[in-house]
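Overview (structure and organization)
Here are the chains, one letter per residue:
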Amino acid sequence: MTSGLNIGVVGAGIVGVSTAEWLRRDGHNVTLFDRVKPGSTEQTSYGNAGLLARTAVIPASVPGILRHVPSMLFDKDGPLFLKWSYLPKLMPWLIPFLRNGRESRVREIAAALDTILGDSVDQHFALAKGTAAETLIETGNYAYIYKDRKGFEKDAFGFAIRREHGAEWEEWDRDALLEQDPNLSEDAGFAVALKDHGWIRDPGAYTAALLDAFRAGGGVFRLGEVSDIAPGAERPLITAGGETIAFDHIVVASGVWSRRMAERLGHKVPLEAERGYHMMFKNPSHKPSIPYMMADAKFAVTPMDGGLRCAGLIEFGGIDAPASDAPLEIFERRIKRIYPSLTWDSTESWMGRRPSTPDSLPLIGHSTKAKGVWFAFGAQHVGLTSGPKTGRLVADMIAGRTPNMDMTPFATDRFDRA
Ligand SMILES: Cc1cc2nc3c(=O)[nH]c(=O)nc-3n(C[C@H](O)[C@H](O)[C@H](O)COP(=O)(O)OP(=O)(O)OC[C@H]3O[C@@H](n4cnc5c(N)ncnc54)[C@H](O)[C@@H]3O)c2cc1C
């Protein structure tokens, strides 16, 4: 194995920090760049639902999705939002996204996602072990909450595929649910409790704690905008703070902002911001003991250190548009429907940008256009879950260790070839 290389990692969200730390453990001199400090609200890794969703292999685009779009979009409690003026810009992403919803393709995507999600709880422990981040990991069931069994039966397609990939669950009727959580209203009549999952009690603090471990081990963090990356004559270059530095390798792990850098190198990457929201109910009168997915409303309810966090929903409107009010209002209305007696002191609201590709798979691997440049971005709804494994895969490949899985679905040039 080669060690002692100089490696620059651009982006210090969960993917970049994980990648930097695995590279550091391989004996490289690693410099991690970000314009914000890990744990800042600007990062998608700050405000997610915190789920280590190791069985979340079903992409957002599934058979019959077109039929459901109008109700998802126009129902005032629906989970989908669109800034209509953005629609023309969205089309080049949306059309292949919808095409990927056919059954055969969903099965292929699920199989690929399973290779980066299946062992994710172990991957988080392997990365966080012995650091303050480890204390923020919880393990247990993750329950999909339905009004009744019929709701679950409508999701049979997805659960059958999950089962093929090893998911195990218990089915809880209302009595069993009330035994777990007596505060639930009649809106919660049935649940599927997926076994052996995990969650992070404070995702922002988790990324920050991993950064602390990286720095304590000798890694370097540079705060500031990376204004350019370039192939360079012999070695790839990063320009930051007016200085251009040559590295043996560069890893682009800049979340949804990676698109511009990939395009700068000549790649076509249809990366879109699938915007999502959270509302943190601080000092709530009660919290569930495990995370829930409100199956019809499509948001998670996670017990966190800061309170009870509702997180999810999808809005298309580009990276830079300001946050909207409507998704946040849904959280307040819907949480009262399952927890009618819930009270809280105050709320914190947040909007983040899932880095999403039309095939719901990240780009992980070597750039085919620029020697020494690697990609690690695009993990859409499951970037927290898959971050540590993604980092490990990149470190393996840089070290010349062949990953024990098929990397083809994550190829960095697949959209160039499309
Ligand atoms: C509402 C919501 C709920 C979610 N829930 C879950 C969940 O429960 N489980 C799960 O697995 N995933 C979840 N996700 C998805 C997950 O949060 C993301 O996939 C993941 O955080 C992406 O991590 P990242 O490191 O790629 O990106 P980010 O965390 O966005 O980090 C990218 C970093 O790159 C930096 N950067 C970009 N450009 C530059 C530049 N030019 N110079 C310097 N720095 C730069 C940014 O400042 C940023 O810090 C959720 C997402 C949302 C929005």
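**Notes on the overall build of the protein chain**
Helix and strand content of the protein chain: 14 helices and 19 strands. Over its C-alpha trace the protein chain gives a radius of gyration of 21 Å, about what one expects of a compact globule, namely 22 Å for 418 residues. Principal-axis analysis of the C-alpha atoms places the extent of the protein chain at approximately 65 × 45 × 40 Å. For the protein chain, the proportion of its 418 residues judged to be buried stands at 59%. For the protein chain, the share of sequence-separated contacts (at least 6 apart) that also reach a separation of at least 24 residues comes to 75%. Taken as a whole, the protein chain presents about 16800 Å² of accessible surface, with 51% of it coming from carbon and sulfur.

**Concerning the packing of helix H1 (residues 14-25) against helix H13 (residues 383-399)**
Packed helix pairs are characterised by how far apart their axes lie and by the angle those axes make with each other. Two elements in contact, H1 and H13, have axes separated by 8 Å at closest approach and are oriented at 35°. As for the relative orientation of H1 and H13, their crossing is right-handed in sense. For the pair H1 and H13, the contacting residues are Ile-14, Val-15, Ser-18, Thr-19, Trp-22 and Leu-23 in the first and Gly-383, Leu-384, Gly-387, Pro-388, Thr-390, Gly-391, Arg-392, Val-394, Ala-395 and Ile-398 in the second. For the contact of H1 with H13, a count of residues per class yields nine nonpolar, six polar and one charged.

**Observations regarding the side chain of His-278**
Structurally, His-278 is set in strand E13 (residues 272-282). The buried category is assigned to His-278, whose relative accessible area is 0%. Once you skip the residues sitting within four places of it in the chain, His-278 turns out to touch Tyr-46, Gly-47, Arg-309, Cys-310, Ala-311, Leu-328, Phe-331, Glu-348, Ser-349 and Trp-350.

**Observations regarding the site of the ligand**
Taken together, the neighbourhood of the ligand is formed by 36 residues, with Asp-34, Gln-43, Ser-45, Gln-380 and Thr-385 sitting nearest. Contact distances for the ligand include 3.3 Å between a nitrogen atom and a backbone N or O atom of Arg-35. Gly-50 has a polar backbone atom sitting 3.4 Å from an oxygen atom of the ligand. Contact with the protein chains removes 98% of the 1000 Å² of surface that the ligand exposes when unbound. A per-element tally of the shell around the ligand places strand E17 (residues 346-356) first, with four residues. A per-class count over the shell around the ligand returns 15 nonpolar, 17 polar and four charged. If you count residues domain by domain, the shell around the ligand takes at least three from each of domain 1 (6-46 + 205-270 + 360-417) and domain 2 (56-117 + 134-198 + 272-356).

**Observations concerning the pattern of salt bridges**
Evaluated as defined, the whole model comprises 25 salt bridges. Linking Arg-264 and Asp-228 is a salt bridge whose minimum nitrogen-to-oxygen distance equals 2.7 Å. Note that Arg-264 is positioned in helix H11 (residues 258-264) and Asp-228 in strand E9 (residues 226-230), a separation of 36 residues in sequence. The salt bridge partner of Arg-259 is Glu-263, with a shortest N-O separation of 2.9 Å. Of the two residues, Arg-259 and Glu-263 are both situated in helix H11; the distance of four residues between them amounts to about one turn of the helix. Look at Arg-259 and you get partly exposed, because its relative accessible area is 32%. In this structure Glu-263 comes out as partly exposed when scored by relative accessible area, which is 38%. Salt bridges linked by common partners bring Asp-77, Lys-147, Asp-187, Arg-333 and Arg-337 together as one network.

**Some points on the pairing of strand E7 (residues 190-200)**
Looking down a regular strand, the side chains alternate between one sheet face and the other. Extensive coverage of E7 is indicated by the burial of nine of its eleven residues. By the bridge criterion, five bridges tie strand E6 (residues 169-173) to E7 in an arrangement that is antiparallel. Bridged to Glu-171 within E7 is Val-192.

Quick notes on the rules
Residues numbered from 1 in each chain as written. Predicted model: local features only at pLDDT ≥ 70, side-chain atom pairs only at ≥ 80, totals over all residues. Heavy atoms only, no water. Helix = DSSP H or I, 4+ residues; strand = E, 2+ residues; numbered from the N terminus. Rg over C-alpha atoms; globule rule 2.2 N^0.38 Å. Buried < 20%, exposed > 50% of the residue type's maximum accessible area, 1.4 Å probe, protein only. Contact = heavy atoms within 4.5 Å. Areas by Shrake-Rupley, 256 points an atom, 1.4 Å probe, with all protein chains shown as cover. Axes fitted to C-alpha atoms, helices over the stretch in contact; angles between N-to-C directions. Left-handed = near helix turned anticlockwise from the far one by under 90°. Nonpolar A, V, L, I, M, F, W, Y, C, P; charged D, E, K, R; others polar. Near = heavy atom within 4 Å. Polar contact = N/O pair within 3.5 Å; in protein donor to acceptor, adjacent residues only side chain to side chain. Domains from an automatic or database assignment. Salt bridge = Lys/Arg side-chain N within 4 Å of Asp/Glu carboxyl O. Pairing = 2+ DSSP bridges.

No statement about biological role is implied by the geometric values presented.
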